[in-house]
Amino acid sequence: DQQVKQNSPSLSVQEGRISILNCDYTNSMFDYFLWYKKYPAEGPTFLISISSIKDKNEDGRFTVFLNKSAKHLSLHIVPSQPGDSAVYFCAARTSGNTPLVFGKGTRLSVIA
Amino acid sequence: DTAVSQTPKYLVTQMGNDKSIKCEQNLGHDTMYWYKQDSKKFLKIMFSYNNKELIINETVPNRFSPKSPDKAHLNLHINSLELGDSAVYFCASSQSSGLAGVSAKNIQYFGAGTRLSVL
């Protein structure tokens, strides 16, 4: 039972263009959402997060949008750079001593 | 200066053996975690400790036993290894567990992973 779904296993984008990674969730109790980036042979690295009381959070080239009614969030990377090529994981959790639930990841390839 | 370090990076062993993976964080965090990333690439929580106390214990065989000697260390011991235990195991830590509400204090920072291969 996947509570966090990333339906696109891979995405290719040209350098300089926008990358949009999508994530859907089923648990309406989730109140904090995170994106992690992972390079091969390394651990996931925190990228950006958003609380359920907001609908947008921006950090440099990275923006996360949250649509609670649709149970959908997205990560926008503008402009995309070759160094952004990695696997991106969406994750979510509820308050309390509860686990972080990860999606399966989307592999982003930024082509020069 | 690695924030969350786990050893070894690679572990190849025979079925039936017992092995341990060590994890240390120098971030001063209160909460530590073990995750398993299986062949389907899902990252799933196994255990979480807050100030040396077990707070999350997902459905994991009791052959897996975490031990937290202090809040900077969380080790994972696996008895009687099976083929299905082959995976990448990640350790992580966060400033707090989220019991009082989730915030940036609950952002988890991961180690580089231990690739376990059971032959």
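If you're wondering where the values come from, they're calculated on a predicted model, not measured in any experiment.

**Q** Account for the side chain of N106 of chain B, naming residues and giving values.
**A** Residues and elements named next belong to chain B. Among the secondary structure elements, N106 is positioned in the loop between β9 (87-94) and β10 (109-110). The buried category is assigned to N106, whose relative accessible area is 3%. Within the structure, the side chain of N106 is placed 2.9 Å from the side chain of S96, a separation counted as a polar contact.

**Q** Give a detailed account of the interface of chain B and chain A, specifying residues and quantitative values.
**A** The partner chain A presents 24 residues to the 25 residues of chain B that form the contact. Together chain B and chain A conceal approximately 2000 Å² of surface at their shared face, both sides included; 64% is due to carbon and sulfur atoms. For chain B, the biggest contributors to the area lost against chain A are F42, L43 and V102 of chain B; these three give 28% of the whole. Summed over the shared surface of chain B and chain A, the result is 0 salt bridges.

**Q** Let's hear about the sheet that holds strand β3 (residues 19-25) of chain B: which residues, and what values?
**A** All names here are of chain B. One open sheet accounts for 4 strands, arranged β1-β3-β8-β7; its pairing is antiparallel. Of all the strands in the sheet, the pair left with one neighbour each is β1 (4-7) and β7 (64-70). Pairwise comparison of adjacent strand axes, ignoring direction, gives a mean angle of 20° for this sheet.

**Q** Got a sec to walk through the packing of aromatic side chains? Specific residues and values, please.
**A** Counted under the stated rule, the structure contains 13 aromatic pairs over all chains. For the ring pair Y36 of chain A and F46 of chain A, a centre distance of 5.9 Å and an interplane angle of 75° mean the geometry is edge-to-face. Here Y36 of chain A is found in strand β4 (residues 32-38), whereas its partner F46 of chain A is found in strand β5 (residues 45-51), with 10 residues between them in sequence. Relative to Y35 of chain B, the ring of Y33 of chain B lies with its centre 6.3 Å away and its plane at 35°, an arrangement referred to as tilted. Here Y33 of chain B matches Y35 of chain B in class, with each residue buried. Looking at K44 of chain B, its charged tip hangs above the ring of F42 of chain B, at a distance of 5.8 Å from the centre.

**Q** Describe the pattern of salt bridges, naming the residues involved and giving the relevant values.
**A** All chains considered together, the criterion is met by 5 salt bridges over all chains. One salt bridge connects E58 of chain A with K56 of chain A, and the closest N-O pair in it is separated by 4.0 Å. We classify E58 of chain A as exposed; its relative accessible area is 52%. Put simply, K71 of chain B and D30 of chain B hold a salt bridge, and the shortest N to O gap is 2.7 Å. Residue K71 of chain B is found in the loop between β7 and β8 (73-78), and its partner D30 of chain B is found in the loop between β3 and β4 (31-37); the two are separated by 41 residues along the sequence.

**Q** I'd like a rundown of the pairing of strand β9 (residues 86-93) of chain A, residues and numbers included.
**A** All names here are of chain A. The buried fraction of β9 amounts to 8 of the 8 residues, a majority that puts the element mostly inside the structure. Two strands pair when backbone bridges link them, and β4 and β9 are joined in this way by 7 bridges, in the antiparallel orientation. Its bridge partner being in β9, Y36 is matched across the sheet by F89. With 3 bridges connecting them, β9 and strand β11 (residues 106-111) associate as antiparallel partners.

**Q** Any chance you could break down the side chain of Q108 of chain B for me, citing the residues and the numbers?
**A** With respect to the secondary-structure elements, Q108 of chain B resides in the loop between β9 and β10. Here Y35 of chain B takes part through its side chain, which lies 2.5 Å from a polar atom of the side chain of Q108 of chain B. Dropping the residues within four chain positions of it, Q108 of chain B is found in contact with Y36, F46 and L100 of chain A together with Y33, Y35, A92, S93 and S94 of chain B.

**Q** Which residues make up a nonpolar patch on the surface, and what are the values?
**A** Among the surface-exposed residues, I18, I20 and V78 of chain A lie close enough to one another that they form a single nonpolar patch of about 220 Å² accessible area. Looking at the element boundaries, V78 of chain A is found in the loop between β8 (72-77) and β9.

Definitions and limits used
Residues numbered from 1 in each chain as written. Chains lettered and ligands numbered in written order. Predicted model: local features only at pLDDT ≥ 70, side-chain atom pairs only at ≥ 80, totals over all residues. Heavy atoms only, no water. Helix = DSSP H or I, 4+ residues; strand = E, 2+ residues; numbered from the N terminus. Buried < 20%, exposed > 50% of the residue type's maximum accessible area, 1.4 Å probe, protein only. Polar contact = N/O pair within 3.5 Å; in protein donor to acceptor, adjacent residues only side chain to side chain. Contact = heavy atoms within 4.5 Å. Buried area = accessible area lost by both parts, 1.4 Å probe. Salt bridge = Lys/Arg side-chain N within 4 Å of Asp/Glu carboxyl O. Pairing = 2+ DSSP bridges. Axes fitted to C-alpha atoms, helices over the stretch in contact; angles between N-to-C directions. Phe/Tyr/Trp six-rings, centres within 6.5 Å; stacked < 30°, edge-to-face > 60°. Lys NZ or Arg CZ within 6 Å of the ring centre and 35° of its normal. Patch = residues over 30% accessible without salt bridge, like charges linked within 9 Å, V, L, I, M, F, W, Y side chains within 5 Å. Areas by Shrake-Rupley, 256 points an atom, 1.4 Å probe, with all protein chains shown as cover.

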